[in-house]
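# Tertiary structure, described
So you can see what is in the structure, the chains are spelled out below.
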Amino acid sequence: MTELKSTHPKIKFTCRDVRVAYSGKEALHGINMDIDDRGVTAFIGPSGCGKSSFLRVFNRMNDTIPGCTVSGEIKMDGDDIYAPDLDPVLLRARVGMVFQKPNPFPKSIYDNVAYGPRIHGLAANKSELDHIVETSLQKAGLWDEVKDRLKDTGTGLSGGQQQRLVIARTIAVSPEVILMDEPASALDPIATAKLEELIDELAQKYCIVIVTHSMAQAARISQRTAFFHMGNLVEYDVTSNIFTNPKDMRTQDYITGRTG
Amino acid sequence: MTEATSIHASEHALKRLKKRHAKERRFKALGLLAIGLAVSALAWLLISIVGTGYKAFYQYDFTLEVEMTESILDPQQERDPDKLRKANYRRIIQNALYERFPDVTDRKAKRELFNIISSSGAPNHIRQMAYNNPDLVGQKLIITVPTSDDVDQLLKGNIDRNIDQSKRKVSDQQIAWVDELVKTKEIKAEFNTRFFTNPDSRDAELAGIASAFLGSLMTLFVTALLAIPVGIGAAIWLDEFAPRNKFVDFIEININNLAAVPSIIFGVLGLAIFINFFGLPRSIPIVGGLVLGLRALPTVIIATRASLMAVPQSIRDGALSIGASHVQAVFHHKLPHAGPGIMTGSIIAMAQALGETAPLLMIGMVAFLTEIPKSPTDPATVLPVQIFIWAGNSERAWVEKTSAAIMILLLVLIIINSMAIWLRNRLEKRW
Ligand SMILES: Nc1ncnc2c1ncn2[C@@H]1O[C@H](COP(=O)(O)OP(=O)(O)OP(=O)(O)O)[C@@H](O)[C@H]1O
Ligand SMILES: [Mg+2]
């Protein structure tokens, strides 16, 4: 198990011996890991090492993949999120997710953001809903760009705007955690910079876990970094340590570009 | 690098290029040929149908004066509509004709004279008038009734005047009368509204598509009521909620098989289940609709599943990831997204059902009916079956009726299919 030298006292997730298998074929071989509340935790590692599989453990999106099984113990704020009486639907309201490819709904910008609050009954009336939509778009740094065209369809926005719309949609249901799976991989450098700035801001209020293929991005935005390799957690430490002083040869090889 | 040294400019390469171009030209020519064949076959079909069918849309009508002689119709002077209905109107028409041509005295000639007018259409026309308004008895009326189908065919040029009269259905004497009446405008061509408002009839000049058209509408209504909701529901369940096991796999395979089962088998099934087992009456649109509904089910299911599967997984993931339940993700996001495709598929399934003939023959919707069905429980027939029935009649007059009915059926199909295309284009723009 990898010890965590945390700068924050509070831990959001504790994972013990987490295994993920697809149709019986194990993709993650017993991960032990604690994830801090607040701040950004980055997952890095070569393609196919299981970063996405592990990320989906936290909001139980693996449940929606046919043939995928998860075992081990995953606790959020001390509660087992795989407990039989826990409704994954409610968990996902607390643990939001942003995907690699922006996936706004083919509805208006307003409806994209309002959808979550509507199904969870977070707004008592129209003006409350308007307020949630506005603040969410503001927090996602999109408000100024779209405030005059909330009725336009969300899929008509640029890639970077779409990704921020998806973040606004996620924020609108007031989650505690935001999972991001390579959120910037479909974006150009300017949109990426904007997104990173946003993630930095959000980290003040949310626990953010991000999968990224960009070493530089992990170094820029995360406080802690976990390096995965072939289904194992190889090294997990404060980001600066990982990049300046990796302990494992495999980590060293990966961040210097010799493998992966 | 100069041209000469490039391997793509060598003599060999140029030869190959030439060969490739020739191949492309050949392929394009063959493609054009195929299209040409298809288009000319279609054009031929349309021209032959429209070329004969248009004649059914006009008809030669006879306008004559009749006297509603009281001594014939109502000797007791009761004016009782029910008794009036049974009176001898044939005599009235005959008398009117003899009045018009007073020179005709010979019995055979009198019969020939009567045969230029629709022999059941004309008496029934005034019968209905007298029944509706008994006060007409004793009065003189001007009526417009169809000529007999033979006269109609003669005037439409379908009967050769130059051959010997023993070889054609109208005699020289009849031709002389008709020509005179045409000259005086007592016989003239009119738009054939009867074709649209009348039910089927034994007499070609009276037959219309109203009963078959209404039968088609009612049958299709029942079909849609069964096939669309059940089909969409089944598809959603199979696609989203069905457990993955052998039994569900078996169901899926069989739905695909079902779509390929010849439609007459569905007729046999309908006969066995709805008529023999449940004891529903034969020939009624409800049974027809149920049978066609079963027939359309697999089509609707397959179209719906294809549209559902075409919805990007990312949309569903997006909904689930903010805490939508599975059902919400399906109904709020997948279904609206798949909507245009589902609608197009359903409409096309309905268009297919509209053209379906064989299974309806099995359940007796082929009966000869002279009443317009008033509800889905009245015996009825449908347009394609009506076409089938008319096509089996040998007289010349039915040929144009058959073609005209085909034109109407094609027109309805074109309208339905354009609606599907229009809906799809319109709805898809929203996304
Ligand atoms: N839906 C699935 N069905 C079957 N196997 C899967 C599925 N998703 C992932 N896997 C397998 O699990 C392993 C880990 O995959 P995962 O997607 O978690 O890797 P990753 O680190 O996110 O890779 P990448 O950087 O390319 O996104 C891989 O071997 C992959 O083939
Ligand atoms: Mg991944």
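Residues numbered from 1 in each chain as written. Chains lettered and ligands numbered in written order. Predicted model: local features only at pLDDT ≥ 70, side-chain atom pairs only at ≥ 80, totals over all residues. Heavy atoms only, no water.

## So, the overall build of chain A
Selection criterion: Working definition: helices are DSSP H or I runs of at least four residues, strands are E runs of at least two. Numbering for both runs from the N terminus. Put simply, the radius of gyration uses C-alpha atoms, and a globule should come to 2.2 Å times the residue count raised to 0.38. Any residue under 20% of the maximum accessible area for its type is buried, any over 50% is exposed, and the rest in between are partly exposed; the area is computed with a 1.4 Å probe on protein chains only. Any two residues whose heavy atoms approach within 4.5 Å are treated as being in contact. Here the Shrake-Rupley method, with its probe set to 1.4 Å, supplies the accessible areas, and only the displayed protein chains count as covering residues.
Along the backbone of chain A there are 10 helices and 10 strands. Relative to the compact-globule value of 18 Å for 260 residues, chain A shows a C-alpha radius of gyration of 18 Å, a close match. Residue burial in chain A is summarised as follows: out of 260 residues, 54% are buried. Within chain A, contacts between residues separated by at least 24 positions form 67% of all contacts whose residues are at least 6 apart in sequence. Working note: accessible area of chain A is about 11000 Å², and carbon and sulfur atoms make up 51% of it.

## Details of the overall build of chain B
Going by this rule: Working convention for charge: Lys and Arg count positive, Asp and Glu count negative, and His plus the chain ends are omitted. Charge coordinates come from a single atom per side chain, which is NZ of Lys, CZ of Arg, CG of Asp or CD of Glu.
When helices and strands are tallied, chain B shows 18 helices and 3 strands. For a compact globule of 431 residues, the expected C-alpha radius of gyration is about 22 Å, and chain B comes in at 31 Å, more than 25% above that figure. By principal-axis analysis of the C-alpha atoms, chain B measures approximately 105 × 65 × 40 Å. Contacts in chain B between residues at least 24 apart in sequence constitute 76% of all its contacts with a sequence separation of at least 6. In the form shown here, chain B has an accessible surface area of approximately 22900 Å², with 62% of it arising from carbon and sulfur atoms. Counting 47 positive and 40 negative side-chain charges, chain B places the averaged centre of each group 11 Å from the other.

## What to know about the interface of chain B and chain A
Often, the extent of an interface is quoted as the loss of accessible area on bringing the components together. Stated formally: As used here, buried area is the combined drop in accessible area, with a 1.4 Å probe, of two parts when they are placed together. Salt bridges are identified by distance alone: a Lys or Arg side-chain nitrogen within 4 Å of an Asp or Glu carboxyl oxygen.
Residue-level contacts link 18 residues of chain B with 23 residues of chain A. When chain B packs against chain A, the two sides together hide about 1700 Å² of surface, and 63% of this comes from carbon and sulfur. Between chain B and chain A we count 0 salt bridges in total. Mapped by element, the contributors of at least two residues to the side of chain B that touches chain A are helix H14 (313–321) and helix H15 (326–355) of chain B.

## Quick word on the nonpolar core
Basically, it comes down to this: For this analysis, a nonpolar core means a set of buried residues of the types Ala, Val, Leu, Ile, Met, Phe, Trp, Tyr and Cys, connected via side-chain atoms within 4.5 Å.
In this structure, A:Met33, A:Ile35, A:Phe43, A:Phe54, A:Phe58, A:Ile74 and A:Phe228 are the most contacted members of the largest nonpolar core, which totals 54 residues. In terms of residue count, the dominant contributor to this core is H15(B) (7 residues). For A:Met33, the contacting residues outside a window of four places in its chain are A:Phe13, A:Thr14, A:Cys15, A:Arg16, A:Thr41, A:Phe43, A:Phe54, A:Ala226, A:Phe228, A:Leu233 and A:Tyr236.

## Structural notes on empty space enclosed by the protein
All names here are of chain B. Quick reminder of the rule: Lining residues are those with an atom within 4 Å of a point, where the points come from a 1 Å grid over the protein atoms alone and group into cavities, where a 1.4 Å probe fits but cannot get out, or pockets, open sets with protein on both sides within 12 Å along at least five of seven lines. Grid points are joined across faces, edges and corners, and a volume is the space filled by probe spheres set on the points. Note on residue categories: nonpolar means Ala, Val, Leu, Ile, Met, Phe, Trp, Tyr, Cys or Pro, charged means Asp, Glu, Lys or Arg, and polar means any other residue, Gly included.
Scanning the model with the defined rule gives 2 cavities of 30 Å³ or more in all. Size it by volume and the largest cavity reaches roughly 40 Å³. Taken together, Ser216, Thr219, Leu220, Leu292, Ala353, Leu354, Glu356, Leu360 and Val382 make up the lining of the largest cavity. Going through the elements one at a time, helix H10 (210–241) and H15 are the ones with two or more residues in the lining of the largest cavity. Ranked by the residues each element gives to the lining of the largest cavity, the list is headed by H10, at 3 residues. Taken together, the residues of the lining of the largest cavity break down into 6 nonpolar, 2 polar and 1 charged.

## Observations concerning unusual backbone geometry
At A:Arg60, a residue that is not glycine, the phi angle is positive and equals roughly 55°. With respect to the element layout, A:Arg60 can be found in the loop between helix H1 (51–55) and strand E4 (68–76).

## Some details on a positive patch on the surface
Put simply, the rule reads: Note that patches include only residues with greater than 30% relative accessible area and no salt bridge, and the join distances are 9 Å for like charges and 5 Å for nonpolar side chains (Val, Leu, Ile, Met, Phe, Trp, Tyr).
A cluster of basic residues, B:Lys15, B:Lys19, B:Lys23 and B:Arg26, forms a positive patch on the protein surface. With respect to the helices and strands, the residue B:Lys19 is situated in helix H1 (residues 11–53).

## So, the domain arrangement of chain B
Residue and element names in this part refer to chain B. Note the cut-off: Residue ranges labeled as domains rest on an automatic or database domain assignment. Two N or O atoms form a polar contact when they lie within 3.5 Å of each other; inside protein one atom must be a possible hydrogen donor and the other a possible acceptor, and for residues adjacent in sequence the pair counts only when both atoms belong to side chains.
Once the domains are mapped, chain B shows domain 1 (57–192) and domain 2 (210–427). The centre of domain 1, based on its C-alpha atoms, is set 45 Å off from the matching centre of domain 2. Contacts between domain 1 and domain 2 engage 9 residues on the former and 8 residues on the latter. Interface of domain 1 and domain 2: buried area, both sides summed, is about 620 Å²; carbon and sulfur atoms make up 49% of it. Among the residues of domain 1 in contact with domain 2, Phe57, Gln153 and Asn158 are the three that bury the most area, contributing 62% of the side total. Where domain 1 touches domain 2, the interface holds 1 salt bridge. With a shortest N-O distance of 2.7 Å, Lys156 and Glu400 are connected by a salt bridge. If you look at where domain 1 meets domain 2, you find 2 residue pairs in polar contact (both at pLDDT 80 or more). Looking at the side of domain 1 that touches domain 2, the element that brings in the most residues is helix H7 (residues 149–155), giving 3 residues. Across the side of domain 1 that touches domain 2, the residue classes break down as 1 nonpolar, 4 polar and 4 charged.

## Re the site of ligand 1
All names here are of chain A. As a reminder, the rule being used: Any residue with a non-hydrogen atom lying within 4 Å of a molecule or strand is treated as near it.
In the neighbourhood of ligand 1, 13 residues make up the surrounding shell, with Ser47, Lys51, Ser52, Ser53 and His213 lying closest. In this structure, Cys49 approaches ligand 1 through a main-chain N or O atom, which is 3.3 Å from an oxygen atom. Contact between ligand 1 and His213: an oxygen atom at 2.6 Å from a side-chain N or O atom of the residue. Considered on its own, ligand 1 offers 630 Å² of accessible surface; in the complex 62% of this is hidden by protein. At 3 residues, H1 tops the list of elements feeding residues into the shell around ligand 1. Of the residues in the shell around ligand 1, the class split is 4 nonpolar, 6 polar and 3 charged.

## Let's talk about a nonpolar patch on the surface
Nonpolar side chains collect at one region of the surface, where B:Leu42, B:Leu45, B:Leu46, B:Val50 and B:Tyr54 lie side by side and expose about 440 Å² of accessible area between them. Structurally, B:Val50 is set in helix H1.

## Comments concerning the packing of aromatic side chains
Where we set the bar: Stacked, tilted and edge-to-face are the three classes applied to pairs of Phe, Tyr and Trp rings, where Trp contributes its six-membered ring and a pair requires centres within 6.5 Å; stacked means planes under 30 degrees apart, edge-to-face means over 60, and tilted covers the rest. Look at NZ for Lys and CZ for Arg. If either is within 6 Å of the ring centre and within 35 degrees of the ring normal, a charge sits over the ring.
As enumerated under the stated definition, the model contains 17 aromatic pairs over all chains in all. Ring plane angle 70° and centroid distance 5.0 Å describe the contact between A:Phe54 and A:Phe58, whose orientation is recorded as edge-to-face. In this structure, A:Phe54 and A:Phe58 share a single accessibility class: buried. A connected cluster of aromatic rings, assembled from ring pairs, spans B:Phe57, B:Phe191, B:Phe195, B:Phe196, B:Trp390 and B:Trp398. Positioned over the ring face of B:Tyr58 is B:Lys156, at 5.1 Å from the centre of the ring.

## A short note on the pattern of salt bridges
Pairing between side chains of opposite charge can happen when the charged atoms of each approach one another. For the coordinates displayed, the defined rule picks out 39 salt bridges over all chains. Note that B:Glu252 and B:Arg305 form a salt bridge whose closest N and O atoms lie 3.5 Å from each other. Of this pair, B:Glu252 sits in helix H11 (residues 246–259) while B:Arg305 sits in helix H13 (residues 285–310), placing them 53 residues apart in sequence. Just as B:Glu252 is buried, B:Arg305 falls in that class too. Several salt bridges share partner residues, and in doing so they unite A:Lys10, A:Lys12, A:Asp37, A:Arg38, A:Asp77, A:Arg94 and A:Glu176 into one network.

## Quick notes on the packing of helix H3 (residues 109–120) of chain A against helix H4 (residues 126–139) of chain A
Residue and element names in this part refer to chain A. For the record, the criterion: For every element, the axis is a line fit to its C-alpha atoms; helices are fit only across the contacting stretch, and the angle between N-to-C directions ranges from 0 to 180 degrees. Here the angle decides the label: under 35 degrees means roughly parallel, over 145 means roughly antiparallel, 65 to 115 means roughly perpendicular, and every other value means oblique. Handedness of a helix crossing follows the sense of rotation of the near helix relative to the far helix, less than a right angle counterclockwise being left-handed and clockwise being right-handed.
It is at 9 Å that the axes of H3 and H4 come closest, and there the two elements cross at 115°. Here H3 is positioned roughly perpendicular relative to H4, judged by the angle of their axes. Along this stretch, H3 crosses H4, giving a crossing that reads as right-handed. Along its contact with H3, which presents Ile109, Tyr110, Val113, Ala114, Pro117 and Arg118, the element H4 presents Lys126, Leu129, Asp130, Ile132, Val133, Ser136 and Leu137. By residue class, the composition of the contact of H3 with H4 is 9 nonpolar, 1 polar and 3 charged.

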